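What the coordinates show
Take a look at the letters that make up each chain.
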Amino acid sequence: MKPVYRIAVLSALISLLVACGEKTAENKAPEAASPTPTASTEAKPASASKAADGITVENPFARAVPPGQPNSASFMTLVNTSDVDHSVKSAASPVAATVELHTHTNNNGVMEMRQVEQIDIPAKGRVELKPGGLHIMLIGLKQDMKVGENAPITLTFEDGSTTMTNAPIQEITPPAH
Ligand SMILES: [Cu+2]
């Protein structure tokens, strides 16, 4: 009995969807009450759009280091043009064996670096990764970080979508303290 009922409802839904989207909510009511019929239809485009599509990378750069140095870092400004909060969950680069998301904290006047789980970029907001603050740590360099070359950086967001950016390698003086 129930399968037949479901099929009947389904076909009714399909025909109503084509004819008039609003009436589907009434038909659905016996099975799953939906208090706000428009909510489900509006939620779809938001969840369907990828985080990477809402994030723009501005002014990427990476720190040049003398040959033999094991580590470097990359910086950039992340701009969230979407209406949804997003976050960077991880980063990767062919120039380093390990890439981590880091921040600096001032611990009684001593700047300490530590790994963070993610970098949040609020809806319509922007986050600046910069020397002395948030950065993408390049650990175990596989190549020299020479001025004039680029370090490709791939960011992975909370939904698994990715953005690749080429960070020009620049001479960066340590931040004043
Ligand atoms: Cu670091």
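Preceding this paragraph is the structure being described.
Along each chain, residues carry numbers from 1 onward, in the same order as the chain's sequence is written. Under the rules for a predicted model, residues below a pLDDT of 70 receive no local features and side-chain atom pairs below 80 are neither given nor counted, while totals for whole chains, interfaces and linings still include all residues.

A look at the overall build of the protein chain
The criterion, for reference: Strands are runs of DSSP state E lasting at least 2 residues, helices are runs of H or I lasting at least 4, and numbering of each runs from the N terminus. Each residue is classified by how many other C-beta atoms fall within 10 Å of its C-beta atom, where C-beta atoms are placed from the backbone; a count of 20 or more means buried, 12 or fewer means exposed, and values in between mean partly exposed. A pair of residues counts as a contact when their C-beta atoms, built from backbone coordinates, are within 7 Å of each other.
Across its full length, the protein chain holds 4 helices and 10 strands. Each helix (α) and strand (β) of the protein chain, taken in turn from the N terminus, gives the series α-α-α-α-β-β-β-β-β-β-β-β-β-β. Burial status across the protein chain gives 20% buried among its 177 residues. Contacts in the protein chain between residues at least 24 apart in sequence constitute 64% of all its contacts with a sequence separation of at least 6.

Some points on the nonpolar core
What counts, and what does not: Structurally, a nonpolar core is described as a collection of buried Ala, Val, Leu, Ile, Met, Phe, Trp, Tyr and Cys residues joined by way of C-beta atoms within 7 Å.
Of all hydrophobic cores here, the largest spans 25 residues; its most connected members are Ala62, Val88, Ala91, Ile136, Leu138, Ala151 and Ile153. When residues of this core are traced back to their parent elements, those giving at least two are strand S1 (55-63), strand S2 (71-80), strand S3 (86-92), strand S4 (96-107), strand S6 (119-121), strand S8 (135-141), strand S9 (150-157) and strand S10 (162-170). Setting aside residues no more than four positions away along its own chain, Ala62 makes contact with Ser72, Ala73, Ser74, Met145, Ala151, Ala167 and Ile169.

A word on the pairing of S2
Counted only if it meets this: Following DSSP output, two strands are said to pair if at least two bridges run between them.
When you tally the buried positions in S2, you get 7 out of 10 residues, the bulk of the element. Bridge count between S2 and S8: 4 bridges; the pairing is antiparallel. Pairing of Ala73 across the sheet is with Met137, part of S8. As judged from the 4 bridges shared by S2 and strand S7 (residues 126-129), these two strands associate in the antiparallel manner.

Focus: the pairing of S4
The side chains of a regular strand alternate, residue by residue, between the two faces of the sheet. Where S4 lies against S8, 6 bridges are found, and the strand directions are antiparallel. Across the sheet, the residue bridging to Leu101 is Ile136, located in S8. Note that S4 and strand S5 (residues 110-115) share 6 bridges and pair antiparallel. By the bridge assignment, His102 is partnered in S5 with Gln115.

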